[in-house]
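Summary of the model geometry
One letter stands for each residue in the lines below.
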Amino acid sequence: MKPRIQRHEKIIELVRAQHYMSIDQLAKELDVTPQTIRRDINLLSEENVLRRYHGGATLGDVLESELQQGKRNSHQEEKNAIAQLIADQIPDNASLFLSIGTTMEAVAAALIKQRRNLRIITNNIYVASMASSRSDYIVIITSGVVRPIDGGVTGVATVDFINQFKVDYAVMSTHGVEEDGSLLDYDYKEVSVMQAMMNNARVKFLGVDHTKFNSNALVRLGNITEFDKVFTDRAPADNMRKILDSAGVEWFTPPTR
C-alpha cells in the first residue's frame, strides 16, 4: 500500500468524524475540485478505508472496524445505565425486537439478569448468543447477511423476516438525533430493518446516550416522536424536551446519585 498523501489523511479524518461527507463538502473543505475528490475517494475505496456512496463517502470496512472497537470501549457505564432503565420497563413473558448496537447488547445483559420467559427476535448475533444462555427464553435470529464489523444482520431477507412477527416491544438505538428530532444512521439496510421493527411492535423504546444528540449521519430512520419512550444517560436539551413533551413521549434518565 502506497503512503497516503496529506489530503487523503484529511479526507479520512473528516469522514471519520461525520460518518458521511458529500463530494462537494469535501471539495470545499480541502479547496480542491470535485473531480479531485472523486479520484481520492476511488483510491481510498480500493483500500477499503472509505466506501463511495450517493455522491460522497462513508466509512469503509477498515474505519468501520476501528469505530466499532471504539464503541465497545466507550461510554460503557452510560450504556449500562440506559440498559437498566429499559430492562425495568420490560415485564416478564414479553416478546420483543432487539436491534444492532452495543447499547442493545447492554440491554440484553440487563434483561438476562432480571426477566423471565422472554421471546427475543434480533438481528444482532451477539444479543442472540447472550440471550440463548437462558433456558426459559425463546431466541430467534433473523435471516440476512451478517456484517463482520459488528455482528449485525441486514438486508431484504431480514426485513421480510421481521415482517412475519408482531411483538410487544421494539427496543433499538440509532447513530444520531438531530435538533428537530430526526433519527439518523449511516446504513440504509440497517435502517430498513429498524423501520420494520417499529412497524411491527406495539410499544417502541429508543435508547441513546448523550453523544448521539446532534450527531450526524446520512440515512433518516424516522423521528424521535415516533417512539413511546426514550431512555438516555443525561437529560435532553430544552428544545428536545419540548419536542418530546409536546408529542407525549416519556423520557427517562438514571436517578442522580
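Notes on the structure in this doc start here.

About the thresholds
- Residues numbered from 1 in each chain as written.
- Predicted model: local features only at pLDDT ≥ 70, side-chain atom pairs only at ≥ 80, totals over all residues.
- Heavy atoms only, no water.
- Helix = DSSP H or I, 4+ residues; strand = E, 2+ residues; numbered from the N terminus.
- Rg over C-alpha atoms; globule rule 2.2 N^0.38 Å.
- Buried < 20%, exposed > 50% of the residue type's maximum accessible area, 1.4 Å probe, protein only.
- Contact = heavy atoms within 4.5 Å.
- Areas by Shrake-Rupley, 256 points an atom, 1.4 Å probe, with all protein chains shown as cover.
- Polar contact = N/O pair within 3.5 Å; in protein donor to acceptor, adjacent residues only side chain to side chain.
- Phe/Tyr/Trp six-rings, centres within 6.5 Å; stacked < 30°, edge-to-face > 60°.

Some words on the overall build of the protein chain
When helices and strands are counted, the protein chain shows ten helices and 15 strands. Against the globule reference of 18 Å for 257 residues, the protein chain gives a C-alpha radius of gyration of 19 Å, in line with a compact fold. Oriented by its inertia axes, the alpha-carbon framework of the protein chain measures out at about 60 × 40 × 35 Å. With 257 residues in all, the protein chain has 51% of them scored as buried. Put simply, 61% of the contacts in the protein chain that link residues at least 6 apart link residues at least 24 apart. Element-wise, carbon and sulfur atoms account for 48% of the exposed surface of the protein chain, whose accessible area totals about 12100 Å².

Concerning the side chain of Ser182
Within the secondary structure, Ser182 sits in strand β11 (residues 182-185). A polar contact of 2.9 Å, which involves the side chain of Ser182, links it to the side chain of Asp180.

Digging into the packing of aromatic side chains
Under the defined criterion, the tally for this structure stands at four aromatic pairs. Ring centres of Phe205 and Phe231 lie 5.1 Å apart, and the angle between their planes is 65 degrees; on these two criteria the pair is classed as edge-to-face. Of this pair, Phe205 sits in strand β12 (residues 201-207) while Phe231 sits in strand β14 (residues 229-231), placing them 26 residues apart in sequence. The exposure class assigned to Phe205 is buried, which follows from its relative accessible area of 1%.

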